[in-house]
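A look at the structure
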Amino acid sequence: MQNFVHKLWYQGHWAAWLLLPLSMLFWLISGLRRLGFRFGLKRQTHLPVPVIVVGNITAGGSGKTPTVLYLIELLRQHGWRPGVVSRGYGARIEGEREVRPGMTPAEVGDEPAMIALRTGIPMVVGASRVKAAHQLLACHDVNVILCDDGLQHYQLGRDIEILVIDGERRFGNGLLIPSGPLREGLWRKSRVDFSICNGQSAEAGEFAMTLQPSGLLPVLPGADATPPSVGDEVNAMAGIGNPQRFFSALNVQGYKLNAAHEFADHMAYQASDIAAIDNGLPLLMTEKDAVKCREFAKQHWWYVAVDANLSPQFSTQLLEKLSRAANAKQGTSHGL
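First things first, this report covers the structure right here in the doc. (Residues numbered from 1 in each chain as written. Predicted model: local features only at pLDDT ≥ 70, side-chain atom pairs only at ≥ 80, totals over all residues. Heavy atoms only, no water.)

**Here's the deal with the environment of Asp278**
Within the element layout of this structure, Asp278 appears in the loop between helix H8 (271-275) and strand E11 (283-286). Between the alpha carbons of Asp278 and Glu320 there is a distance of 49 Å; along the sequence they are 42 residues apart. Ignoring sequence-local partners within four residues, the contact set of Asp278 consists of Lys298, His300 and Trp301. There is a polar contact of 3.0 Å between the side chain of Asp278 and the backbone nitrogen of Gly280. (Helix = DSSP H or I, 4+ residues; strand = E, 2+ residues; numbered from the N terminus. Contact = heavy atoms within 4.5 Å. Polar contact = N/O pair within 3.5 Å; in protein donor to acceptor, adjacent residues only side chain to side chain.)

This is the structure:
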């Protein structure tokens, strides 16, 4: 199914045109919803602290989580106290749930579990980002909120919008779901504050982002095995929005891929899923996959941690815009 969708959205498969009536219905429903917020028929909630939304306009992964991790570090370095809210895809969550390091993806979702484990940042997940944000503010001393995904979650007012684009696949065939990958039309790109291109093909008005591997780490906590070296033969697996990006990165680093196994995004792995592809060679996976495999990991399983690299110009412009937003909110509160 995943391969067919890729052909449909990114390789010009003729079947995309058969789905255009459903795309038109999606356009109508989503457009009416946006109009409801624009004309006040639906209420948008604005918070007392600045909100930065990191999202995309395509279905599937584009590099949002590395961007959020980069922003967490950037904000902390400049004296901000960030917190994160997220939907928590992949988990069954009633109401809102605080995310703590060590929680499983089944409890809080794939990306939240990974972000919390890496950063220890205050974080709340829930279907309503507004309610999650209110709980975050009530329980933690944060002065800026990052919303991981949620560009189309208009109920949550935002001060800065960051659009992350997959530099390799970009916007596919340019059609709306289900004929194409777009959640919103390409017009949306001109409405955000910053556009980040995850890859080397940044266009005018976009900031280029590269992902820098920071080494191999054991999936099994406390494992003392020796990681494979560049040039060694390995197996690889990935259950992310664009698995080929991960496999290509391993090839570029010099690893020899014996086999590359694709899984569905947000896959809830079982030990049997990995046992079926494990032939004893070192098995390399993404950090997001590793969080879901820790409970049944083997000594020869490794994950590749990556860090996002963005230009100083992006960081400077973001911090300046954030300061203006914070000052404006303080002025409004003093006026009241």
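**Notes on the pattern of salt bridges**
Enumeration over the complete set of coordinates arrives at 19 salt bridges. Measuring nitrogen to oxygen at the nearest pair gives 3.9 Å for the salt bridge that ties Arg100 to Glu98. Residue Glu98 is classed as buried on the basis of its relative accessible area, which comes to 18%. Residue Lys292 pairs with Asp110 through a salt bridge whose shortest N-O separation is 3.1 Å. In this pair, Lys292 sits in helix H9 (residues 287-293) while Asp110 sits in helix H5 (residues 110-119), placing the two residues 182 residues apart along the sequence. (Salt bridge = Lys/Arg side-chain N within 4 Å of Asp/Glu carboxyl O. Buried < 20%, exposed > 50% of the residue type's maximum accessible area, 1.4 Å probe, protein only.)

**Focus: the side chain of Ser179**
Positionally, Ser179 belongs in the loop between strand E6 (160-166) and strand E7 (194-198). Side-chain polar atoms of Ser179 contact the backbone oxygen of Leu19, separated by 3.2 Å. In this structure, Ser179 is in contact with Leu8, Trp9, Ala16, Leu19, Leu20, Ser23 and Asn173, ignoring residues within four places of it in sequence.

Read these as geometric descriptors, not functional statements.
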